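Reading the structure
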Amino acid sequence: MPIIELKDVTYVYDGTDNLKSRAIKNVSISVEKGEYIGIIGHTGSGKSTLIQHLNCILKPTYGKVYIDGVDIWEDKKNLAKTRKKVGLVFQYPEYQLFEETVEKDIAFGPKNLGLSTQEIEKRVMKAAQMVEIDQDLLLKSPFEISGGEKRRAAIAGILAMEPEILVLDEPAAGLDPLGKEKILKIIDNFHKYEKRTVIHVTHSMEDIAKYADKILIMNDGEVVSYDSVDNTFKDVDMLQNMGLDIPQITKVLFKLRQKGFNIPSNIYTVEDAVNVVKNILIEKEKR
Amino acid sequence: MQSLIDANGLCFSYAKEGANIDILHNLNFSLNQGDFVAIVGHNGSGKSTLAKLLNALFIPTAGTLVVDGVCVQDGQTAFEVRKNIGMVFQNPDNQIVATLVDEDVAFVLENLCVPSEDIAPIIDETLKMVGMYELKKSAVSKLSGGQKQRVAIAGILAMKPKCIIFDESTSMLDPIGRKEVLNIMKKLNCEHKTTVINITHYMEEVVFADRVIVMKDGNILKEDMPRNIFADRELLAKANLSVPQVTEFFNLLCDRCNLDSKTVLDIDECVSALSDLLGG
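Keep in mind the model is a prediction, meaning the values are calculated, not measured. (Residues numbered from 1 in each chain as written. Chains lettered and ligands numbered in written order. Predicted model: local features only at pLDDT ≥ 70, side-chain atom pairs only at ≥ 80, totals over all residues. Heavy atoms only, no water.)

Focus on the sheet that holds strand β3 (residues 36–40) of chain A
Residue and element names in this part refer to chain A. Ordered by their spatial adjacency, 6 strands build an open sheet running β6-β7-β8-β3-β9-β10, and the pairing between neighbours is mixed. Every other strand in the sheet has two partners, leaving β6 (86–89) and β10 (222–228) as the edge strands with one partner each. Pairs of neighbouring strands in the sheet enclose a mean axial angle of 15 degrees, with direction left out of account. Pairing analysis gives 5 bridges linking strand β7 (residues 165–169) to strand β8 (residues 197–201), with the strands arranged parallel. For Leu166, the partnering residue across the bridge sits in β8 and is Val198. (Pairing = 2+ DSSP bridges. Helix = DSSP H or I, 4+ residues; strand = E, 2+ residues; numbered from the N terminus. Axes fitted to C-alpha atoms, helices over the stretch in contact; angles between N-to-C directions.)

Put into structure tokens, the structure is as follows:
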């Protein structure tokens, strides 16, 4: 049974249903437990609208959303359960920090789950550790720490709720390269070691190629492709027509192939590209 | 030739709970009309503070900052300075005030007391420059991120500033939107000799600048051409910077295969270097 299933979901945003006011149209997808899904699409393509359906922030105008097999809108009681299962990290989540200390802010979510003081403390410590927030930082005000630290503190607040599904909307936007790398590592660790399902919305093709199992492409509110990384990056023209791009390194190898070099077409990460070129060079030495 | 921007021992600090917090320490640099400069550095390194000083949103606490002959020193000179230095922020939604595209550009001109008969031609001219003329009667809320950012830029262009600072203006945009804004920067710099300062975390954008200023903890670590910056691995590590993906790839390839190191900056350079390796 898929952990997430959307059946024919359409969302109309201003009450009057016409083609223009449909933010997402007939979206049907399913996600298996433990998968890492990347969502890409130009600004305004419906990515954010789509993910807000996953934890009951938006109610589909038509269609159904199932989390763990449960129709989340069937019963009002499902609301709290769904939000516990699905953790959503908004864009620029640091704007939501509000408590006196970082520690209290991270504890806010678990507290609302009605957990014991002991359990809350345990979870805060674990989440802080996952996002590399030190002890002394926990006692500071969230407003006196750096931008990267704020972002990580905000994400820790969601991780502390131990969601089955972690949904993130451009979690690395606006961070410097080191800060970005840290965030991506945290998400990857949560996926790998905690075995959680991850839905990651991004504009960076380089990042998505490196971490995701599958890529979902949105365009004008519709799912145009939902496939493996390999198959997704095959169709360069389609991607570029939709305001998207392919990783720099993929473009380089694509151009080399056009020049007549015998190079595989499914390379999206630096590591793979280096290995491929290195092997060709070794072969060449032998001849 | 007199430089457009001159910083001498520029410092900025603010008082907090009785103590002075130093943000910028003794910065020295100068920019000429027509320069294209990228400013890079970690979050909190002082890039945006510097931008706000250049636009007289902040006033230096020590040292001097002269913009087109006017010293940034108090509210009195701020208006003069801002006429010459335009700013494009990260989020266009924070910068756009009107509901229609052309009205947003008009807002700037009305504030500058431009005679009303002159306003319409300037709006048309600036919207054409950013490729938004066809959408001049559109509602801003219906535009994509890249289009909104171009409207924000048009508003700045209408002031005819000598210099435009892009403070992470591409960070919220999708790849095509980012390209659109970058192309406008290049065009303004090339065709209109506008001085462009691009503050960014995208190393692929840094490559297009003539010069790069690397900041760390409120200091300027180095100022040089992109090629020299990206070749200086020690500096990159010290400033927590990354390099474009093709540069990273080629460096790693050279390391793993014991080749002479070479810094490639973009896709074409990488393709040509690889062709030499594989073909020759």
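Points about the domain arrangement of chain B
Residues and elements named next belong to chain B. Per the domain assignment, the segments making up chain B are domain 1 (5–98 + 160–234) and domain 2 (244–280). Centre-to-centre, using C-alpha coordinates, domain 1 lies 31 Å away from domain 2. Across the domain 1 to domain 2 interface the summed buried area is about 750 Å²; carbon plus sulfur atoms make up 55%. Contact with domain 2 buries surface across domain 1, with Arg227, Phe230 and Arg233 losing the most and accounting together for 64% of the total. Viewed at the interface, domain 2 and domain 1 are joined by 2 salt bridges. The residue Glu269 makes a salt bridge to Arg227 at a minimum N-O spacing of 2.8 Å. At the surface where domain 1 touches domain 2, the tally comes to 3 residue pairs in polar contact (both at pLDDT 80 or more). At the level of secondary structure, the elements contributing two or more residues to the side of domain 1 that touches domain 2 comprise α7 (203–206) and α8 (226–231). (Domains from an automatic or database assignment. Buried area = accessible area lost by both parts, 1.4 Å probe. Salt bridge = Lys/Arg side-chain N within 4 Å of Asp/Glu carboxyl O. Polar contact = N/O pair within 3.5 Å; in protein donor to acceptor, adjacent residues only side chain to side chain.)

Overview of helix α11 (residues 248–258) of chain A
Within α11(A) the residues assigned to the buried category are Gln248(A), Ile249(A), Thr250(A), Lys251(A), Val252(A), Leu253(A) and Leu256(A). Following α11(A) by one or two positions, Gly260(A) has its phi on the positive side, about 105 degrees. (Buried < 20%, exposed > 50% of the residue type's maximum accessible area, 1.4 Å probe, protein only.)

Considering the nonpolar core
Of all hydrophobic cores here, the largest spans 48 residues; its most connected members are Ile153(B), Val214(B) and Phe230(B). Residues contacting Val214(B), with those up to four places away along its chain left out, are Val40(B), Asn219(B), Ile220(B), Leu221(B), Lys222(B), Ile229(B), Leu235(B), Ala239(B) and Leu241(B). Among the nonpolar cores identified, the runner-up in size contains 47 residues, and Ile40(A), Ala127(A), Leu175(A) and Val229(A) belong to it. (Core = buried A, V, L, I, M, F, W, Y, C linked by side-chain atoms within 4.5 Å. Contact = heavy atoms within 4.5 Å.)

Some points on the pattern of salt bridges
All chains considered together, the criterion is met by 29 salt bridges over all chains. Here Asp245(A) makes a salt bridge to Lys179(B), at a shortest N to O gap of 3.6 Å. On the criterion of chain membership, the pair formed by Asp245(A) in the loop between α10 (236–241) and α11 and Lys179(B) in helix α6 (residues 175–192) is interchain, its members lying in two chains. Exposure remark for Asp245(A): the relative accessible area of 10% places this residue in the buried category. Between Lys162(B) and Asp68(B) there is a salt bridge, and its shortest N-O distance comes to 2.7 Å. You can see Lys162(B) sitting in the loop between α5 (145–157) and β7 (163–167) and its partner Asp68(B) sitting in the loop between β4 (62–67) and β5 (70–71), a full 94 residues away along the chain. Taking relative accessible area as the criterion, Lys162(B) reaches 31% and is therefore assigned partly exposed. Salt bridges sharing common partners tie together Glu119(A), Lys122(A), Arg123(A) and Glu162(A).

Focus: the state of the cysteines
For the structure on display, the rule yields 0 disulfides over all chains. Between Cys257(B), a free cysteine, and Cys254(B), which holds the nearest cysteine sulfur, the sulfur-to-sulfur gap is 8.0 Å. (Disulfide = S-S within 2.5 Å.)

Examining helix α10 (residues 245–256) of chain B
Along its 12 residues, α10(B) runs 16 Å from first to last C-alpha, staying within 8% of the 16 Å computed at 1.5 Å per residue. Taken as a whole, α10(B) has its buried residues at Gln245(B), Val246(B), Thr247(B), Phe249(B), Phe250(B), Asn251(B), Leu253(B) and Cys254(B). Contacts from the buried residues of α10(B) go to α8 (205–211), α11 and α12 (270–286) of chain A together with α7, α9 (233–238) and α11 (267–279) of chain B. Of the residues flanking the end of α10(B), it is Asn258(B), one or two places downstream, whose phi is positive at about 50 degrees. (Expected span 1.5 Å × (residues − 1).)

What about the environment of Ala139(B)?
As for its placement among the helices and strands, Ala139(B) is situated in the loop between α4 (116–129) and α5. Look at Ala139(B) and you get partly exposed, because its relative accessible area is 27%.

Observations regarding the pairing of strand β9 (residues 214–219) of chain A
All names here are of chain A. In terms of residue burial, β9 counts as a mostly covered element, since 5 of its 6 residues are buried. Inspection of the sheet shows β3 paired to β9 by 4 bridges, in the parallel sense. Considered in β9, the bridge of Ile39 is made with Leu216. Note that β9 and β10 share 6 bridges and pair antiparallel. Across the sheet, residue Lys214 finds its bridge partner in β10, namely Ser228. Between β9 and the antiparallel strand that follows it, β10, lie 2 residues; Asp220 among them carries a positive phi value of about 45 degrees.

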